[in-house]
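Structure assessment
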Amino acid sequence: MTHMTATLPETLEKAATVEFRGLRREFGATVALDGLDLTVRPGEFLALLGPSGCGKTTALRMLAGFEHPDSGAVLVDGEDVTQVPAHRRDAGMVFQSYSLFPHLNAVDNVAFGLRMRGTRTAERRSRAAELLELVGLADKGERYPHQLSGGQQQRIALARALALRPRVLLLDEPLSALDAKVRLTLREEIRRLQQELGITTLFVTHDQEEALSVADRVAVMRAGRLEQCAAPAELYGRPATAFVAEFVGTMSRLPGELKDGTVEVLGQRLPADGEVPDGPVDALVRPETLRVAADEQGTACVVATAFLGAVVRVTVRLADGTEAKADLPAHEATGLDAGTAVGVSLPERPVLVAARTQK
Ligand SMILES: Nc1ncnc2c1ncn2[C@@H]1O[C@H](COP(=O)(O)OP(=O)(O)O)[C@@H](O)[C@H]1O
Ligand SMILES: [Mg+2]
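Rules of the game
Residues numbered from 1 in each chain as written. Chains lettered and ligands numbered in written order. Predicted model: local features only at pLDDT ≥ 70, side-chain atom pairs only at ≥ 80, totals over all residues. Heavy atoms only, no water. Salt bridge = Lys/Arg side-chain N within 4 Å of Asp/Glu carboxyl O. Buried < 20%, exposed > 50% of the residue type's maximum accessible area, 1.4 Å probe, protein only. Near = heavy atom within 4 Å. Polar contact = N/O pair within 3.5 Å; in protein donor to acceptor, adjacent residues only side chain to side chain. Helix = DSSP H or I, 4+ residues; strand = E, 2+ residues; numbered from the N terminus. Domains from an automatic or database assignment. Core = buried A, V, L, I, M, F, W, Y, C linked by side-chain atoms within 4.5 Å. Contact = heavy atoms within 4.5 Å. Axes fitted to C-alpha atoms, helices over the stretch in contact; angles between N-to-C directions. Parallel < 35°, antiparallel > 145°, perpendicular 65-115°, else oblique. Left-handed = near helix turned anticlockwise from the far one by under 90°. Nonpolar A, V, L, I, M, F, W, Y, C, P; charged D, E, K, R; others polar.

Attention now moves to the pattern of salt bridges. One pass over the structure, following the stated rule, counts 25 salt bridges. Among the ionic pairs, Arg-120 bridges to Glu-123, the shortest N-O distance being 3.7 Å. Residue Arg-120 is classed as exposed on the basis of its relative accessible area of 57%. A relative accessible area of 42% places Glu-123 in the partly exposed class. Glu-227 is paired through a salt bridge with Arg-222; the nearest N and O atoms lie 3.5 Å apart. Residue class for Arg-222 comes out partly exposed when judged on its relative accessible area of 40%. Connected via shared salt-bridge partners are Arg-24, Glu-26, Asp-34 and Arg-225.

Around ligand 1, the surrounding shell consists of Phe-27, Thr-30, Ala-32, Pro-51, Ser-52, Gly-53, Cys-54, Gly-55, Lys-56, Thr-57 and Thr-58. Taking Lys-56, its side chain carries an N or O atom lying 2.8 Å from an oxygen atom of ligand 1. Those elements that place two or more of their residues in the shell around ligand 1 are strand 2 (30–40) and helix 1 (56–64). Broken down by element, the shell around ligand 1 gets its largest block of residues, three residues, from helix 1.

Interfaces are frequently sized by the accessible area removed from exposure as the parts join. Each assigned domain of the protein chain is listed here: domain 1 (18–237) and domain 2 (253–355). Each of domain 1 and domain 2 was reduced to a C-alpha centroid, and the two centroids are 40 Å apart.

Okay, the nonpolar core next. Among the nonpolar cores identified, the biggest contains 45 residues, and Val-110, Ile-156, Leu-158, Leu-162, Val-218, Val-220 and Leu-235 are the most heavily contacted of them. Aside from chain neighbours lying at most four places away, what touches Ile-156 is Leu-100, Ala-106, Asn-109, Val-110, Leu-132, Leu-137 and Leu-148.

One way to put it is that helix 3 (residues 121–134) packs onto helix 4 (residues 150–162) with a least axis distance of 9 Å and a crossing angle of 135°. It follows that helix 3 is oblique to helix 4 by the angle criterion. In this structure, the crossing between helix 3 and helix 4 has a hand that is right-handed. From helix 3, Arg-127, Leu-131, Leu-132 and Leu-134 reach across to helix 4, where they touch Ile-156, Ala-159 and Leu-162. For the contact of helix 3 with helix 4, the residue count by class is six nonpolar, no polar and one charged.

Here is the structure:
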C-alpha cells in the first residue's frame, strides 16, 4: 500500500471561511434546501452528514457554483459568490463515482484543469507530477483510469481537485464506492493531507462513523436544514435533538416518566435533559452506558448477543417488551446467552429524553 507523502508542493497562504446563509432550493415539488445556515471555519475539515436526500450534494454544488439557490447566499471570506460562475469559484471537487476522463492517463487527468487555463505544457506536467507524488502515485502517471484500482482513481481525482490550488476542497462521498479496507485507509490519508495543506474542506457523507472519525466538526443535516453542527465528541455525547442522537452512533429508547427535570427509567430516577413536557417520554441511552448482569429475579431477558471485538453487544428485552442494546466487555458477557434472565440498570443520566414514540 502506498502512502501519501508529506512533501508538499504548497501551503495555503490563508485558508478560506465559507458561509451558507439561508440557502433555499426547490426542484419542482421537492425542497432540497430549506434555509440552510452554516459557517465553515478557515482550515476546518467539516463533514456534512445526513440521510440520503437531505440536501448535502445540493449544498456542495452551490458552493462549487454548479447549482444556484432560489434564495440565500454563499460567501467565501465574506465575499458573496452566489452569482460567480463555477470556473471562477476556486473550488476543487471530488465526486463519489470515479469521474476521471477515461481517455486520459493519470498525469493528463491531473493536469486537465491547468490545460483549460492555458498553463504551459512543461509547467503543468511538473505540477501534475508533484500532485501525483502528494497522493502517493508518482509511479502511476502513465496509467489510464481502467488500469487503476478504485482507491487509486480517487487519489487521482483528489490530485486533480488540488491541481488548481483551490481555496476550498469539496468531497462528495468520495469513499462510498470503495471497499471497506481501502475506505478506511484513504479517509485517514485524506485527513492527513488536509491537515498538512490546511485547506478548508467540506466532506459529504451519509456514514456517521466516517464523519465522526475524520472531521473537526460534523454538521448534521435533515430535510434541507442544519440540525446541529458540533465537534464529534459533543455531537455524540450531547446531541441537540433526538434525530441527531439516533443518527449518530447506536441509541436505544427506554420508556420513562419525566418530572421536574428528572426521568424515571428502569426503576431509577435520573437527571434528564430534553425539550419535552413532563409525562411519558423515551430516555435515549447509549449501549456503553447500560449495565446488564445475570439475575434470576431480573425482569429482563437476553434476546441476542453479537461479538464486536472489544465488546459484546447484548440485546435485552425489558418487561414491557422494549428492546435495548448494551455493550459489555467480553468478561461481563460470559454466560449471557439468549433467554438468560438479567437485571438492567443505567448508572448515568440518559443522553436525552424525547417524545415517546408510539409502538
Ligand atoms: N437536479 C435535480 N432535479 C430534481 N430533484 C433534485 C435534483 N437535485 C436534487 N434533487 C432532489 O433534492 C433532494 C436533495 O438531493 P441531494 O442534495 O442530492 O441529497 P443528498 O446529497 O443529501 O442525498 C432529493 O430529494 C433529490 O431527489
Ligand atoms: Mg448526495
